[in-house]
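So you can see what is in the structure, the chains are spelled out below.
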Amino acid sequence: MAIVGSSNKVCKQAHIKLEVVLFMYLWSIDIESVLTAMSCFEFLCEEADILYGGDEQVINLHLPNYAIYQEIASAHKDLTTGRAALQKRIMPMLRKIEKPTPGNEQAWTTTFTKIWKKNTDFLQNYPHKVDGGMTVKKRTSNQTSDHELEDQLHEWVNMTGFLCALGSVCLTKSDRSADTVYCPVTDFIGHLLKLLVCSNEKFGPQIQKHVKELVANELSPAIYPILFEQIKLDVDKFFEEVNGQVRVTEINTQYIENIIFIMKMIMEQYKSEQGGEHLGQATIEPLMLAIVRYVRYLSDEPDDIKKKTKLCNLVQVMMSRRDDLTFRQEMKFRNKLVDYLTEWIMGNNMAHNSSHLSKTADRPVSTSRALDLASMEAVAALLKALPLQPEESDRGDLMEAKSNLFQKYFTLFMKLLNECSDELEGGKEKGQLTSLRNVTVQAMSNLLSANIDTGLMHSISLGYHKDAQTRAAFMEVLTKILQQGTEFETLAETALADRYDRLVELVTMIGDKGELPIAMALANVVDNQHLDELARVLVTLFDAKHLLYQLLGNMFNREVEGDCMQTLFRGNGLSSKIMSFCFKLYGQQYLRDLFTPHLERMFEEDAKGICYEVDPRRLDGHSGDLQSILSTNRKNLLILTQSIFDAIVKSADSFPAQLKNMLFYLSQVVNSRFPDESIFAVGTVVFLRFINPALVSAHDCGLCSREPTLNMKRGITLVCKIMQNIANRVETEKETYMRYFSDFFRTNLDAGHRFFREIATEVDDSETTGQIQCYFSDSTSVALHRLLWIYEEKIGEFLASSRDQKAAGRRPFDKMATLLAYLGPPEHRPSDSEWSAMYMDMSSTKFEELMSKQNMHEKDEYKSLKSLMIFYQNGMSRNGHPVFYYIARRFKLMEINGDLLIYHVLLTLKPYFHKPFELVIDFTHTNAENRFKAHFLSHWFYVMPDTAYKNLCQVYIYNCSSWVKVYTKFHDRQFFTLKNNPKLIFIDQRCQLNAYIEPEQQKLPGSTLSLEEDQKVFSSGLSITIKDTKCSIKIGQSAIQISSNEKSKVLGHQVLLNDVYYVAEIKEVSLVDDNQFTISISSESGPLSFIHADSESIVAALNHIKHRYQLTQPESYTPHTKIKPKDVPGTLLNVALLNLGSSDPSLRSAAYNLLCVLTQTFDLQIEDQLLLTTGLCIPSNNTLFIKHISEKLAANVTRLTLEFLEECIQGCRNSSIEMKHLCLEYMTPWLPNLTKFCKHQDEHKRQKVMLILDKLITLTIEEVKMYPSVQAKIWGTIGQVGDLIDMVLDSFIKRSVTGGFGSKPADIMADTSVALASANVELVSRKVVSRILHMIEKTCMSPTLTLESHLMWNDIAILARYLLMLSFNNSLHVAAHLPFLFHIVTLLVGLGPVSMKASTHGLVINIIHSLCTCSQLNFNDDTFRQLKLNLTEFSLNKFYNLFGISKVKSAAVSAFRTSYRSNDRSFTSISPDDESVPLTSLEVITDALLEIMEAASTTVKGKCNWLQQWMDLAKRFAFQYNPALQPRAIVVYGCISKTISEAEVKQLLRILRKALESEGILIEGVVMCLTRVQPLLKQDSVIHKFLFWVAIAILQLEDQRLYSAALAMLEQNLLTLDTHGVFETQSLRDCMMSTRQQLNFHFRMIDHTLELNFDYNFHFALIAHLIKGFRHPESTTVSRTMRVINTCLCIVSKNLPDKFAVTPETIPYLTALLSVSEEVRSRCQLSPVDSPPSYSEVFSTPSHFMHDLSLSGDASTGLRSLPGTAKQWKSLDEAANRNTHAVVTGRSASYNVSPASSRPTVLEVAPPRPPPPRGERSSRTSASAESNILLDPESLDDELVSLVLTVMATLVGFTTDDSEKRVLYQYLAEASIKFPKVFPVVYNLLEPKVIEHLRYSHDQVMLSSVQTIMQNMLTIDMEQQQKQYLLLQNAGFGGISRFAGPFRQSNFNGAENLAICLEDMVDNYLPGDDRDFDVNNPYPRSLGISASLSLSSLGSPTGSVPDSSTYRSRHGSQQSRRVLEQL
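Because the structure is predicted, anything quoted here is derived from the model rather than measured.

A. Local environment of the overall build of the protein. Within the protein, the secondary structure is distributed over 88 helices and 18 strands. In the protein, 77% of the contacts between residues at least 6 apart in sequence involve partners at least 24 apart. Within the structure as shown, the protein displays about 85,500 Å² of accessible surface, and the carbon and sulfur contribution to it stands at 51%.

What follows is the structure, encoded as C-alpha cells:
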C-alpha cells in the first residue's frame, strides 16, 4: 500500500496531513493520544523505507527528519509516567528537528495561529473574553469547571512547549542569522515575552512561571538570536528615548527578573554540541548592558538586592560560557560591567531611584553579603584576562588613567577584604565570609594579572602595609598570579613595540586551510574611505613577513567568487587597490626604464609639430585638408603605439619578479573560476592598473622630468586606448575614429597574448633577491592599530556570521581584542593624501615661522601638549567636511603655554586650510582655570590666517555653561564679531549633534559622553543661586549637571546652559528643609541653593555618589618605582622574605607559599628546601631560616642581586623596627655580589649599583633608630669589598655635597666612613687620602682666587671631615700617610667656616695622637716625650689663634657639632667676622709640623722618606698655577726645604713676576719663601745680591702685608751676605749698586716713579724705604724695621772707629734711629752751645714709655750666625719685640703673633772696626767718638743736611708719639739755627704741624723748640725756600715724605715696572739652568708682562720744575706770623 499512489498528489497531501496530525497530537493532554501519535511516526519511517528501498540519502531527501521520527516512535514504549513527564521527554526530541518539512511547518503554524493565540487570549482575559472589542460577562450556565480550566491551562502549556521546541522549522535562512524583520517565530516570541508580565488574577502567576521555564528550558537553540533580539527591543522601551533615563516600574522590574532567569538557564543548560553556533549568533552585549543599567536603578530593599544577586549570577554564568558567545567589543563590554557591578560592593548602591530608598540599617546583613559575594564572583569572572580600558583621560595620559582605574578597583577590593577579615575575627559566620574573602582574592589576582603593567607598581606597596591582614591577602594575590602564569613581559619598556608585533602576527596569521581570518575579515568590513590605507598596510606587512602571495591568493579568491569575467578587477575594491599598490611599489623602476626614452622622443617630435589627434571633431579648426591631416596623424599614432607596444612585449625578461609572481597567482585563481580566461585577465589588469595609469600620469609618476604638452597627453591617451583594447580583446570601439586601428589590433593580439603568458609565470625566491622589499615602520603599525580599532566590532560580527569564519577566527579575534584593549585608542594621524593636499600654495604665518625656527615641534613640552588632546581632528560631518574638536577643560591656564597651543592648532589645521572644515568646542566642566586671558584672545584672532576663517563652515558649541556666558560677556569687545553669527550652533545634547555629524564619526571625549549615561533627572527645580532660574538636576555616576530650563543669551544666541560638577568637587550636600537643599562645590565661591519637591531624594542620591567616590579612593601612598620584568623576581622575593618574619601566623604562611611558588616560577636554585602546602605551622622566630635561605639564594642566584637589594631597601623603609632588623639580616649576604656588577661592561648595571648605594645612604640618614645596625651590617660588610670602595666614596661625596658642608647628611657620611674603614683601614684610608689630594689637585685645572669659591670646595671640605672622622684610633694609617696628611693640613688650615677650621685643628691633634698610639711606630722615650709636648702645645690658645679659631672655647666641640642648624652661619658658611689666617701663621704651623715629622722620623726603622714626600708635594703645588693654594704651597716649600737650587729660585722669581699682575697673596708667599731659602743658596751665588733689590722693590709697593714680608727678606738678605763676609771687602753701597748696574735702566724708572734716587745717595734712598716701617701697624714689623736699620748701621760702620760717628754713610741711619734709640741720642747729641733743654732734663722718661734699643755689644763677637731652629729664631724675635716700645701712643697692644721670618741667623752688634781709607766726604766725622754732634756743619754739606732735615721732618710729621716729637723738634730747632739756608727745604712739611702744636700743645719743651723753628722760618725768604726744594727735587728725593708716610693704599701701579725688571733679571742675569728644574707642572714662562714702555710715557728722569702754585703763598707765611704773635 505504501507504493500504491505514492506519487499521487493527493497521496502526498495525505502524507503531509498525517504528519501535521501526528505533530499536533504531541501537545495533547491525553496521554494515550500522545503515545499513539508517537508510535505512528514509526509508520512514516517504514513507508520511507519501503518507497526508497533503504537508500539513506534518498530517504533523508524525502524525509529529512527520519532519524528523529524513529527516536520519537521508539520512545513511546518506554514512557509510563504522567503527562508532564511525557512532555519533558518529547521536548528535547522536538528541539533536534531543524529541517523544515511541509508537515512540521504546517503543524507549528496551525498550532500557533489557530489554537495557541486563542487559548492565550482566553487565559489572559479570563474570566472575561474579548470579542470584537466587546467584553462578555461570565456564562451563568454551562460554566467551565475548575478542572476543565486546569486542563485547558495544561494544554496551553503543552502547546507553548511544542511551539518553543519545534520553532526552528519555521525559520528561513535569514531568520537563522537573526536578520529577520518578521516571521511567525518572531511573532510567537514577542507574544511569549509579553506573557512574562501577565497580570491575570487567576492564571497570571502560572503563565509567568510556565513561560519562563519553557523559554529557558525547551526553546530551540536556533531561536535564541530572535529571542535575544526581542528581549533587547522590549528592554530598550524601559529607557527614555531622549535622555536614556530608566523607567523603573513594577511590571518592568518583573520582566527584567524573568529575563534574568531565562538567560541564566539558557546559558547554563546550553551545550555547544547541541545546535552549534546558535548561541553565538546573538549579540548579547547591548542586552546585558541594558539589563544591568536597569537593575542598577533598583532600590536597596531585600527583594531588589536579590534581583541584583541573580543578575550577578547571570554575569558569572555568561562568562563561563564565554567561548560559546560572540562579542563584538568584548573588552569594552566587560570593563563597563565591572564598572557597574562594583557599585554594589560594600554599600550595594544606595539607589539612584529615591522612591525606593530605604535605610541601609534595616537591610538584612545576610542579603547584603550575598550580593557582595555574587558581585565579587561576577567581577572576578569579568576581570579574568581583562585589560582595563578607562574613559579617555582629560590629561591625555592613558597609562595614568589606567593606573587610577586600577587603584580604584584594587582599593575597593582591599577594603572589602579587610572588612571580611574584621568580621571573621569578630566571630561571625565563616562560610559566606570565607567564600567572599576567597573570591575577592581571586578578583584581585585576576585584576593584577591582566594589568600587571600598571597594577604591580601601584599595588606592591601592600606587601609592606601596616596591617598584617592586608599583607596576607596580598601575599595570596601574588601567589595566585604566579600560579596563573602571568606574563611579566608587559612591564618591559618595549611592551608597546611587542604588542604591535603581536598585532602584526595576528593579522598575518595563516589558518590551517590557508585562510587569513583577521586580514580577510578586515578586508570585508572596511569602508571605502580606508581602502587605500588598508591596501598599503596589508601589502607592507605581508611583504615584510614574506607572506605577500598568500595575501594575494586570498584576495583574488574573494574577488572572483561572485563577479563575472567582464567586471573582474575593474572596480575600486580592495583587491584592485592592493594590486595597484604592488604595481607602484615594485614596478616604478621598470616603468621608468621602459617609457622614459619614448617620452623623451615624444618631446622632440612634439617640438617638430608632430600631432597624434585622430578624432575629426577635434580637428575642425585646423586649416588644410582634413583627410590628409588625419592620415598623417594616424600614421604618427600607429608609429608611436607600435614602438611603445613593441617595447612592452619585449620587456618580459625585465618585468619585476614580484609582479610576475603576483600575476601568476592571479592567473591561477581566475583559471579555477573562469577556465581559459586567466591570461586575458592578466592582460586587463596589467594595462588597466599598471601601464596605462603610469603613461597617462607620466610626470606625476616620475617617468619624465617635465609636464607633457596637451598634444603629447592626447597621443598617450590614444595609445593607451589601443593597448587596452588588445588586453581586453575588444576589436571594435564605440568611437568610429578608432576603427582605423583594427588591423593593428589583429596584428599585435598574439604578441600581447605571449607577453601576458611570459609575465604570469612563477619565479623562484632566488630571483627576487635584491628586489625591492617592504619593511614596515612604526607608522604602518599605528595605521594597522587605527584600522583594527575602528572596525573591531564589525570584524567580530563578520567572524560570527558563519560557523567556518567563527571556527577560524574566534581565537585570533579574542587575542586581537585583548591587544587592542592594552594598546588603547590610537593616535589620530591624517592620511598621506590629507597632508599632501595642503602644501601646494599655503604659506606659514609669521608666528608659525617663529615657532618653527625654535624647533618647538621637537621639544618635549610640545609633545606633552599634543598628547593632552586639547585640539585634534577626527571624522567627517554629514556635509563631508573634516571635523575638529577643541576640549576647553583640558587647557590649564597655569600649566600650559598658550603660544604653544596656538602653534599646535596651526599645525593641526594646516592640512585642511584649503577646504571647508567644521569645529566642535566642548565646554563641559569649563571654568576660570581653563580661560584665555584678554591679550591671548587677541593673539588668537591675530595669528589665525584669513583662509581658516573663510573655510570654517560651522562651529558646534557643546555644553555651554554659565561660566562661558559670563566670560563672553566680560570679553564682549573681543567676541563682538561673533555675535549672532549663523555659523555658531549651540548643542545641548548629543542627539542634537547627531543631526550634523553621524555618531560613528563623532569623537567627543569619553568623559563628556559618559555624563549622559545612567543619569537620574530631577526636573522642575529652581536655582536660587542663579536668579531663581528653572532648572533640571541630573545626577550621574561621576558628576552632577545643573541644566537650565530657560534660555539665556550667549553671543546673541538663545542657549540652554548646562553646568557640570564632578563628584570630586562636591564638598558637602545639606538638606535645608523638605523642599530646599544646598551643594558646596570646591570651585564655586559659595554654596549652590536649590528648591525642589523631591529634595530628600536628590540629597540622598548625591550623598550616594559621593560615598562611592570616597570608597574607591586609595589611601595616600608613594607609588613604587617602575618595575621591569627582570625586577619581578627580586621584588617578590623581598616581599616574601620580609613577611615570612612577621608575627602574624597567617601572614607567615602566605609569605611561605609565595616563596615556594616564586622559586618554582623563576627557577630559583634553593635545593628543594621549600614545599608548597597548606596548614603549615611556621614559628615566629625563624630569622635564622630566612637568613639561611637568603644566603643560599645570594650564592646561587646572583643575577637577582640588583633588583633584590633595591626592593630590600624599599621594603625596609616601609616596615616596622623589628622587620627592619630582619631585613638587614637577610640583605647583608647579597651585598658582596655588587662587586660583580660594578666591574660589568654594561654601564646600565654600574648605574644601578650606584643607585643602590645611594638608596643605602638614604636609608642610613633616615633610619635614626637603626643607625648602629645599619653601620655595622651594611657598611661594615661593604667595607670588606675592596672593589666597591671607590664607588661608595663617590656616592658618599655626592650625597654630602648635595646636603652641603656641615649638614646632617654630610656628617653622617663622614661618620659612616669610619664603619667603612673598620674592616679595611689601609684601603679606605688610602682611598680617602688619595681622593682628597686628587680633588685638591683638580682645583689647579680651573683655579679661583680662593679655594672656598671653587666648585670643588664642598667636596674638599667634606672629605676633610672624613679625614677628621677617620683620624681617630689611627683609622687613617698615619704611618703610611703622614706627609700627605701634613700636606693637606697646610693647604686647608684656616679655610672655611669655623667648624672647618676647628676640624683642621682637630685633624692635627688626632694625627699626633695616632702617632703616639699607633703600633706600627716604636718611638723611644725622648721622641715620645717630644710628641706629647707637641700634642699639648697644639692645644694651647696660641695655636687656636694660628688656626683662626681664637674665639672658639673648644675646638673639639666646634668640629663635632651635634646638630645641624640651617640658619647657623658659623657652622655652614663663612661669616664676615671669621678670623683670616695669614701666611705667617701658616709658617709657624708648618715649622711645628716639620718639627714633629723630624722627631718621629729619627726613630723609624729603615729609610724614612716622609720629608722628601712632603717636599715633593709642596714643590708640585708651589710651582703650579693656583691662586688659592700656590701661596700656601710656596710658603710650606720654603719652610721644609733643606736644599735649593738657583733654577728653583729663578722659578720663584718668575712666579713673583706673574704675581705682580694682581694684588694677591701670592707675592707675599713668594717673598716669604725666598726669605727662608736664602741661607740654602750657595755662598758664591750672585742671586743673593739681586734678592736685595727684589726686597727693595717689594717695599716700594707700599702694601702693609707685603712690606712686612719684604722687610724680613731684606733683613735675611743682609744677614746672609754679612755671614758670607761680603761686606768685609766691599761697602754696602758698592756691593749693591754694582749688582744694580746691570738693570740700572729698570731701577731708575722705578726710582723716578717714587722720587727716591739710589744713584744720588744710596743710603738715604735706603733709609727712606725703611723708615716707612715705623708707620706699620704691627709691632713685629716696627721692631724688625729698627733691627734692619741697626744692621745697616753696623754694616756701613764696619771700618769706622765708632759706629756712631757722623759720616755721610752713617748719618741716614743715625737720623732714622734718633727718635727711637736713647743710645743714639746720647752718642749723637745736640750742640752744647745754645741748645734747648734735653729731653732728660725736662721730663723723666717713664720705664713703660720708652726703652733703649741696645745697639752696642761685645767687640769680639760682631755679626755671627746662630745654628738654631726656626722655633729658636722665633723666640729671639719675640724677645727683641718685647724690648722695643710701641712707636705709636695708644696703639693696641693685642697684635697678632707674627714671628720674624728669617733663617737661622741673628744679628748681634759688634764694636766698630778701623775704617779703611775713603774719600774726603766719607772721612769727615764728628770731633768726638764719645759725643758726636749729629748736626755738625763741618761734617755735613748742604745736600746731606737737606736730606737729614727731610727725614726728620718726615718722621715728626707722621709720628704720633709725643716723646719722639720732642726729640725731633729739638734737633730741628737746632738745624733751623745752624742751617738757615737749607732749613727752608722742610718748611712745607713742618708748617702745618708747627701751627697745630702752637695752638694745642702744652708741652713746654716742644713749644720752645717749635717757637725756635717758627722764628727762624719767618726770616726765610720764599725764593730761598723754593730754591732749596728744587735742589731736593733735582737730587731725586722729592718723594721721601710721601713714601715714608702711613700705609694708605698699595702702590701696585709701579708693579708693572718691577715685573719688567724681574723678567729681564731672570732671563738674562741670574745663573742657573732651567733644565735642572724638575716639576711636573712648572710655572709657565709665558705668564709674564710683555708690555714695552717708552720713555715719553715715564717723563723726564730728573723730573720737571713744579709750578709755584704747588708751594704755599706768602699769605701762608703771614698767617704763621700771626699765630706766633698770639702765642
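Next comes the rest of the write-up.
B. The nonpolar core, seen in detail. Membership of the largest hydrophobic core comes to 449 residues, with the highest contact counts inside it found for Met-318, Phe-413, Trp-1275 and Leu-1662. With 107 residues, the next largest nonpolar core counts Leu-531, Met-602, Val-686 and Cys-720 among its residues.

C. Quick look at the sheet that holds strand 9 (residues 1029-1035). Ordered by their spatial adjacency, seven strands build an open sheet running 13-10-9-8-16-15-14, and the pairing between neighbours is antiparallel. This sheet does not close on itself; its edge strands, each paired only once, are strand 13 (1058-1062) and strand 14 (1066-1073). In this sheet, adjacent strand axes meet at a mean angle of 30 degrees when their direction is disregarded. Its contacts with the sheet place helix 45 (residues 1095-1111) against strand 8 (1016-1023), strand 9, strand 10 (1039-1044), strand 14 and strand 15 (1076-1081), and it is angled at close to 160 degrees to strand 14.

D. Fine view of the sheet that holds strand 5 (residues 917-922). The mixed open sheet is built from five strands, whose spatial order is 3-4-5-6-7. The outermost strands of the open sheet, each flanked by one partner alone, are strand 3 (871-876) and strand 7 (984-987). Direction aside, the axes of adjacent strands within the sheet are offset by 25 degrees on average. Sheet topology places strand 6 (residues 952-958) next to strand 7; four bridges connect them, and they run parallel. Bridge pairing in strand 7 links Val-955 to Leu-984. Strands in contact with helix 39 (residues 898-909) are strand 3, strand 4 (882-887) and strand 5; relative to strand 3, the strand with the most contacts, it is inclined by about 25 degrees.

E. A look at the packing of aromatic side chains. For the structure on display, the rule yields 53 aromatic pairs. Summarising the aromatic geometry, the rings of Trp-1275 and Phe-1292 are spaced 5.0 Å apart at their centres and angled 75 degrees between planes, so their arrangement reads as edge-to-face. Of the two residues, Trp-1275 sits in helix 53 (residues 1267-1278) while Phe-1292 sits in helix 54 (residues 1285-1299), which places them 17 residues apart along the sequence. Given the relative accessible area of 0%, Trp-1275 is considered buried. Summarising the aromatic geometry, the rings of Phe-1434 and Phe-1439 are spaced 4.3 Å apart at their centres and angled 35 degrees between planes, so their arrangement reads as tilted. Overall, Phe-1439 belongs to the buried group, its relative accessible area being 1%.

F. Fine view of the pattern of salt bridges. Applying the stated criterion across every chain yields a total of 72 salt bridges. As a salt-bridge pair, Arg-1516 and Glu-1337 come within 2.4 Å of each other at their nearest N and O atoms. Placement of Arg-1516 in helix 65 (residues 1506-1518) and of Glu-1337 in helix 56 (residues 1321-1338) is noted, with a sequence separation of 179 residues between them. Put simply, Asp-1647 and Arg-1636 hold a salt bridge, and the shortest N to O gap is 2.2 Å. Here Asp-1647, found in helix 72 (residues 1640-1650), pairs with Arg-1636, found in helix 71 (residues 1628-1636); they are 11 residues apart in sequence, far enough to count as distant.

G. Representation of the packing of helix 11 (residues 224-236) against helix 14 (residues 285-296) in the model. One can describe the packing of helix 11 onto helix 14 by two numbers: an axis separation of 9 Å at closest approach and a directional angle of 35 degrees. Of the two elements, helix 11 crosses helix 14, and the hand of that crossing is left-handed. Counted together, Phe-228, Ile-231, Lys-232, Val-235 and Asp-236 of helix 11 and Pro-286, Leu-287, Ala-290 and Ile-291 of helix 14 form the full contact between these two elements. Residues of the contact of helix 11 with helix 14, tallied by class, amount to seven nonpolar, no polar and two charged.

H. Molecular detail of unusual backbone geometry. The step from Tyr-126 to Pro-127 runs through a cis peptide bond, and the omega angle for that step is 5 degrees. Among the structural elements, Pro-127 can be located in the loop between helix 6 (102-125) and strand 1 (129-131). A positive phi is found at Asp-1163, a non-glycine position, where the angle reads about 55 degrees. One can find Asp-1163 in the loop between helix 47 (1145-1161) and helix 48 (1183-1196). On the basis of relative accessibility, which here comes to 57%, the residue Asp-1163 falls in the exposed class. A positive phi angle is found at His-1373, which is not glycine, with a value near 55 degrees. The exposure class assigned to His-1373 is buried, which follows from its relative accessible area of 14%.

I. Fine view of the packing of helix 7 (residues 146-166) against helix 10 (residues 204-217). At a closest axis distance of 10 Å, the pairing of helix 7 and helix 10 adopts a crossing angle of 25 degrees. Between helix 7 and helix 10, the angle falls in the class roughly parallel. For the crossing formed where helix 7 meets helix 10, the hand is right-handed. Within the contact between the two elements, helix 7 uses Leu-153, Trp-156, Val-157, Thr-160 and Gly-161 and helix 10 uses Gln-206, Ile-207, His-210, Val-211 and Leu-214. Residues that form the contact of helix 7 with helix 10 fall into these classes: six nonpolar, four polar and no charged.

J. The pairing of strand 16 (residues 1088-1091), seen in detail. Sheet topology note: the strand 8/strand 16 ladder contains two bridges and is antiparallel. Note on strand 16: the bridge partner recorded for Leu-1022 is Ile-1091. As defined by bridge partners, strand 15 adjoins strand 16 across four bridges and the pair is classed as antiparallel. Residue pairing in the sheet places Ile-1079 in a bridge with Leu-1088 of strand 16. Where strand 15 folds back onto strand 16 in an antiparallel hairpin, the turn is made up of six residues.

K. Region of interest: a negative patch on the surface. Together, Glu-487, Glu-489, Asp-498 and Asp-501 line one region of the surface with negative charge. Tracing the backbone through its elements, the reader meets Asp-498 in helix 22 (residues 495-507).

L. Highlighting the environment of Asp-778. In this fold, Asp-778 is placed in helix 33 (residues 778-790). Expressed as a C-alpha distance, the spacing of Asp-778 and Tyr-500, which sit 278 residues apart in the sequence, is 8.7 Å.

M. Up close: the environment of Ala-817. Among the structural elements, Ala-817 can be located in helix 35 (residues 803-823). Separated by 485 residues in sequence, Ala-817 and Lys-332 place their C-alpha atoms 9.4 Å apart. Beyond its immediate stretch of four places on either side in the chain, Ala-817 contacts Met-331 and Glu-792.

What counts as what
- Residues numbered from 1 in each chain as written.
- Predicted model: local features only at pLDDT ≥ 70, side-chain atom pairs only at ≥ 80, totals over all residues.
- Heavy atoms only, no water.
- Helix = DSSP H or I, 4+ residues; strand = E, 2+ residues; numbered from the N terminus.
- Contact = heavy atoms within 4.5 Å.
- Areas by Shrake-Rupley, 256 points an atom, 1.4 Å probe, with all protein chains shown as cover.
- Core = buried A, V, L, I, M, F, W, Y, C linked by side-chain atoms within 4.5 Å.
- Buried < 20%, exposed > 50% of the residue type's maximum accessible area, 1.4 Å probe, protein only.
- Pairing = 2+ DSSP bridges.
- Axes fitted to C-alpha atoms, helices over the stretch in contact; angles between N-to-C directions.
- Phe/Tyr/Trp six-rings, centres within 6.5 Å; stacked < 30°, edge-to-face > 60°.
- Salt bridge = Lys/Arg side-chain N within 4 Å of Asp/Glu carboxyl O.
- Left-handed = near helix turned anticlockwise from the far one by under 90°.
- Nonpolar A, V, L, I, M, F, W, Y, C, P; charged D, E, K, R; others polar.
- Parallel < 35°, antiparallel > 145°, perpendicular 65-115°, else oblique.
- Patch = residues over 30% accessible without salt bridge, like charges linked within 9 Å, V, L, I, M, F, W, Y side chains within 5 Å.
- Lys, Arg positive; Asp, Glu negative; His and termini not counted.
- Charge placed at Lys NZ, Arg CZ, Asp CG, Glu CD.

Fair warning: the whole summary comes from geometry, so function is off the table for now.
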